[in-house]
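# Structural features, examined
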Amino acid sequence: SYSFCTLLFPDITSQRIEMAPPNTRLSRVAPFLLMAASASGAALRELDVIDCTDGRVVNLEIKSGRAVVDDVLEFDTRAYHFEGSANPSVPGATIKMHAGQQCTLRVTNNLVGTPCNGLHSNDYHCPDTHTLHTHGLHVSPNEDNIDTHIEPNGDSHDYVYNIPEEHLMGTHWYHAHHHGSTAMQVGSGMAGVLLVEPHESYTLPADLEALYNDDTYGVPPMLFFH
């Protein structure tokens, strides 16, 4: 398989992918291709950070495209395109949120395909229909709604997240979650990191304050929490 080749022979992966005909199989090994790019010695690329704080609306388009990873690998895949970018983001860009503020992700499905029309079964089906799901956000299920079905050929949906002031800061993640095609879409690169910044009123609990500032064993205090 291509994934096996990329892990064993990263120096020839680019050539192999260029010789491979475009098909959906390549989209399923996108994570392995990323590992191969790292193994090839190319410098790791910082993912784009998209600001979705202070009520902003972030446009996220789903369509087919040619992914280029660190100028080492090229492959055809279905992936997220952010803010009108012509290039797919594999994996998805990091989306920055802020506790106490609203973030809207406007997802438009520009895949060309057959609408699902409400069909649901516990097997592979509806590869062109999309649902966005998050992990780690403490928001209403009406906001992180996995019962949305964004159909191909231009359908769109706004996911509006109202992040509570007391929300835990840190890194979380988002990914494609339409039942029947989750594995295929996530495998093509439709997943990414959510970065939640703390509210201005946030203070570290006293027990954690003592823990993170304890340099008993010669470990520098974690002053970045202040």
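Everything below is about the structure printed above this text.
Not measured: the values here are computed from a predicted model.

Considering the arrangement of structural elements, one finds V49 in strand β1 (residues 49-51). Once the C-alpha coordinates of V49 and L194 are considered, the two residues, 145 residues apart in sequence, prove to be 9.5 Å apart. Non-local contacts of V49, meaning those with residues more than four positions away in its chain, are made with T94 and K96.

Strand order in the open sheet formed by five strands is β1-β4-β9-β8-β6, and the pairing between neighbours is mixed. Lying at the two open borders of the sheet, with one neighbouring strand each, are β1 and β6 (132-135). Sheet twist, expressed as the average angle between the axes of neighbouring strands with direction ignored, equals 30°. Of the pairings in the sheet, the one linking strand β4 (residues 94-98) to strand β9 (residues 191-197) comprises four bridges and is parallel in character. For K96, the partnering residue across the bridge sits in β9 and is L195.

Take the packing of aromatic side chains next. Considering all chains together, one arrives at three aromatic pairs under this definition. Taken together, a centroid distance of 6.4 Å and an interplanar angle of 10° make the contact between Y159 and Y161 stacked. The exposure class assigned to Y159 is buried, which follows from its relative accessible area of 1%. Ring pairs connect the aromatic residues Y80, F82 and Y174, which therefore count as one cluster.

The subject of this paragraph is the sheet that holds strand β3 (residues 73-82). If you walk across this open sheet you meet the four strands as β3-β2-β5-β7, and the pairing is mixed. Strand pairing shows two members of the sheet lacking a second neighbour, β3 and β7 (155-162), which therefore form its edges. Strand-to-strand twist in this sheet, taken as the mean axis angle between neighbours without regard to direction, amounts to 25°. Bridge count between strand β2 (residues 57-69) and strand β5 (residues 102-109): six bridges; the pairing is parallel. Counterpart to V58 in the pairing with β5 is L105.

Conventions used here
- Residues numbered from 1 in each chain as written.
- Predicted model: local features only at pLDDT ≥ 70, side-chain atom pairs only at ≥ 80, totals over all residues.
- Heavy atoms only, no water.
- Helix = DSSP H or I, 4+ residues; strand = E, 2+ residues; numbered from the N terminus.
- Contact = heavy atoms within 4.5 Å.
- Pairing = 2+ DSSP bridges.
- Axes fitted to C-alpha atoms, helices over the stretch in contact; angles between N-to-C directions.
- Phe/Tyr/Trp six-rings, centres within 6.5 Å; stacked < 30°, edge-to-face > 60°.
- Buried < 20%, exposed > 50% of the residue type's maximum accessible area, 1.4 Å probe, protein only.

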